[in-house]
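Fold and contact review
Spelled out, the chains give:
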Amino acid sequence: MLSENTVKAYTDILRSELVPAMGCTEPIAIAYAAAILRDALGERPTELHLALSGNIIKNVKSVIVPATGGMHGIAAAVAAGIVSARPDRRLEVLCALTDADIPDIADVVKTTPLDISELDTELAFELDLIGCTDKKTARVRVMERHTNIVSVTADDKDLTEKYRDGETDTPTYDAEREALTVESIVEFADTVDLSELKPYIKRQLELNLAIAKEGLTGKYGAAIGATILSSEATLRDRAKAYAAAGSDARMSGCELPVCIISGSGNQGMTASLPVAIYADAWGVPEEKLIRAMIVSDLITVHQKTGIGCLSAYCGAISAGCGCGCGIAYLAGGGFYEIAHTLVNSIAILSGTICDGAKPSCAAKIAMAVEAGILGYEMMRSGHQFYGGDGIVTKGVENTIKNIGKLARDGMSETDKQIIKIMLEDKTGG
């Protein structure tokens, strides 16, 4: 039986993870910092200096920033945040903008000098923004997580407490996630009182289904979702298509919000939409769907804890493996079935690179969902990968640890090369 502390910790993880965001979370984190800077200055800056970790640069380069009239890149994200000036909206900071603000955003990009540099840092996520007016200088620093504000100053005044995010700066934030295990996640999903978590899960499903439907009907990106559905589609195809379609829309500037997981909207959609599609097809009651979503979400977070916020390892793969586990739970699976589904899924597609946020993320999401479902189908048919098959080792927790080592340590040089290649390529803006 899980302790009260464990139940509280797992509930807190989901509450802090399942938050809305409009747009790709790296440019939105920049916009959020810029909105804080504007608020701290009390007026628009006349000069800006922004230093970023390479992984943030990688994920901002090629995506359209919502509510900017189709602009993309770092300068657009900064300008949008400055014009919004609504740090209280956090990762929905750009929801405050209207079409009338687009000329102001373009004006900030055109007339406000912005110096951009890459930080020499060991952190995958770090952002340092300085803005000046004739009378005042302000600085905003964000580290490790998109809304983890570690420092805000205006001249000699420390304003950090005004803007600090209480969800991500607590001493237990990392400890809670490091304590996750697949077995305890399944027990938690089986037994937790859903009254507190149900609104969070329902919001995740509602937001992510809405943008998926928009992606299937609108003209976004490479239309991966619509392409998958262009021929006679199976249930598996529909699960892949909805997750991909949400990314089609989101990577191409759609102004609908998504509900993220592990700091990522793509992961939030990948972890949730296939489970919802299977639940609908199988006629699963709402309570069972919500418990399956808890499995998918927490197993996604569990895998990502060892990997880190950003890396060369495509996070959609972790979420695809998570959704396979959620589908296994829908089908009545317990710890044994879910653990085998997860190991199978991990073995299929681990090592897929993250080369930034962009339209092709939708295709990777489709393949991640395929891996999760194939892992489940293997388990259901009595087939599995065994310890010694590549990075798979005996015990699901040991295999998850191997993924963390692969992504965090083994792929660190890969990450540097990806960033170098992307920064040398000027074709994407």
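Residues numbered from 1 in each chain as written. Predicted model: local features only at pLDDT ≥ 70, side-chain atom pairs only at ≥ 80, totals over all residues. Heavy atoms only, no water.

1. Concerning the packing of helix H13 (residues 286–307) against helix H14 (residues 315–330)
- As a packed pair, H13 and H14 sit with axes 8 Å apart at the nearest point and diverge in direction by 150 degrees. Accordingly, the angle class assigned to the pair H13 and H14 is roughly antiparallel. The element H13 and its partner H14 pack so that their crossing is right-handed. Residues Lys288, Leu289, Arg291, Ala292, Val295, Ser296, Ile299, Thr300, Gln303, Lys304 and Ile307 of H13 touch H14, and the partners they reach there are Gly315, Ser318, Ala319, Cys321, Gly322, Cys323, Cys325, Gly326, Tyr329 and Leu330.
- Residues belonging to the contact of H13 with H14 are distributed by class as follows: 11 nonpolar, 7 polar and 3 charged. (Axes fitted to C-alpha atoms, helices over the stretch in contact; angles between N-to-C directions. Helix = DSSP H or I, 4+ residues; strand = E, 2+ residues; numbered from the N terminus. Parallel < 35°, antiparallel > 145°, perpendicular 65-115°, else oblique. Left-handed = near helix turned anticlockwise from the far one by under 90°. Contact = heavy atoms within 4.5 Å. Nonpolar A, V, L, I, M, F, W, Y, C, P; charged D, E, K, R; others polar.)

2. Looking at the sheet that holds strand S7 (residues 157–158)
- With mixed pairing, the 6 strands of this open sheet are ordered in space as S3-S2-S4-S5-S6-S7. If you trace the sheet from one side to the other, it starts and ends with strand S3 (114–118) and S7, each paired once.
- Judged from the 2 bridges that link them, strand S6 (residues 149–154) and S7 form a sheet pairing that is antiparallel. Of the residues in S7, the one forming a bridge with alanine 154 is lysine 157. (Pairing = 2+ DSSP bridges.)

3. Section: the environment of glycine 306
- Looking at the secondary structure, you find glycine 306 in helix H13.
- Considering only alpha carbons, one finds glycine 306 and lysine 405, 99 residues apart in sequence, at a separation of 7.4 Å.
- Here glycine 306 is in contact with Gly404 and Arg408, once residues within four sequence places are set aside.

4. Quick word on helix H15 (residues 335–349)
- Here H15 is 15 residues long and its end C-alpha atoms lie 22 Å apart, about the 21 Å a rise of 1.5 Å per residue gives.
- The complete set of buried residues in H15 reads Ile338, Ala339, His340, Thr341, Leu342, Val343, Asn344, Ser345 and Ile346.
- Packing partners of the buried residues in H15 comprise helix H8 (182–191), H13, H14, helix H16 (361–380) and helix H17 (396–410).
- Just beyond H15, the residue with positive phi is glycine 351, at close to 100 degrees. (Expected span 1.5 Å × (residues − 1). Buried < 20%, exposed > 50% of the residue type's maximum accessible area, 1.4 Å probe, protein only.)

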